[in-house]
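Given next are the chains, with one letter for each unit.
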Amino acid sequence: TTAPPKVQTPAPEVEARPERPHLYKVILLNDDYTPREFVVSVLMGVFRMTEAEALGVMLTAHRRGACVVAVFTREVADLKARQGTEAGQRKGYPLAFTTERED
Ligand code: TYC
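Note that this is a predicted model, so its numbers are computed, not measured.

Engineer: Sorry, what's going on with the site of the ligand here?
Structural biologist: By nearness alone, every residue bordering the ligand is listed as L28, L29, N30, D31, T34, R36, V39, M58, A61 and H62. Side-chain polar atom of N30 to a nitrogen atom of the ligand: 2.8 Å apart, as the coordinates give it. Computed on the free molecule, the ligand has an accessible area of 340 Å², of which 88% lies beneath the protein chains in the complex. Looking at the shell around the ligand residue by residue, the classes come out as 5 nonpolar, 3 polar and 2 charged.

Engineer: Even after reading the chapter, I still don't get the pattern of salt bridges, so can you show me in this structure?
Structural biologist: Pairing is possible between side chains of opposite charge, provided their charged atoms come close. Counted according to the given criterion, the structure contains 1 salt bridge. In this structure, E100 and K25 form a salt bridge, with 3.3 Å as the shortest nitrogen-oxygen distance. With E100 in strand 3 (residues 96-101) and K25 in strand 1 (residues 23-29), the pair connects residues that are 75 residues apart, well separated along the chain. With relative accessibility at 41%, the residue E100 sits in the partly exposed group. What makes K25 buried here is its relative accessible area of 18%.

Rules of the game
Residues numbered from 1 in each chain as written. Predicted model: local features only at pLDDT ≥ 70, side-chain atom pairs only at ≥ 80, totals over all residues. Heavy atoms only, no water. Near = heavy atom within 4 Å. Polar contact = N/O pair within 3.5 Å; in protein donor to acceptor, adjacent residues only side chain to side chain. Areas by Shrake-Rupley, 256 points an atom, 1.4 Å probe, with all protein chains shown as cover. Nonpolar A, V, L, I, M, F, W, Y, C, P; charged D, E, K, R; others polar. Salt bridge = Lys/Arg side-chain N within 4 Å of Asp/Glu carboxyl O. Helix = DSSP H or I, 4+ residues; strand = E, 2+ residues; numbered from the N terminus. Buried < 20%, exposed > 50% of the residue type's maximum accessible area, 1.4 Å probe, protein only.

This is the structure:
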């Protein structure tokens, strides 16, 4: 007969670490200059949205001043926000995305 497998338990002096990463919202900010169509194209390209989804997010930012685009881990949220902002900068537009940690 074989003994039951031993389950490994951490040494008591080792603190349990959170295994669930914090999540970050990517937020699209409105401005007065970036063309609507361009905002939609950036949302589709960077965030892989359909045209209808991108139009909805763009219009919400346009009307309310800002709109949550998506939620990611920090590294991905920062990358997507930078990619979207830089796409605008390459065209001379003030298009801006920010990130904000979720509660
Ligand atoms: N307000 C811009 C315009 O009227 C369009 C726009 C929408 C720009 C959303 C940025 O996040 C934005 N051309």
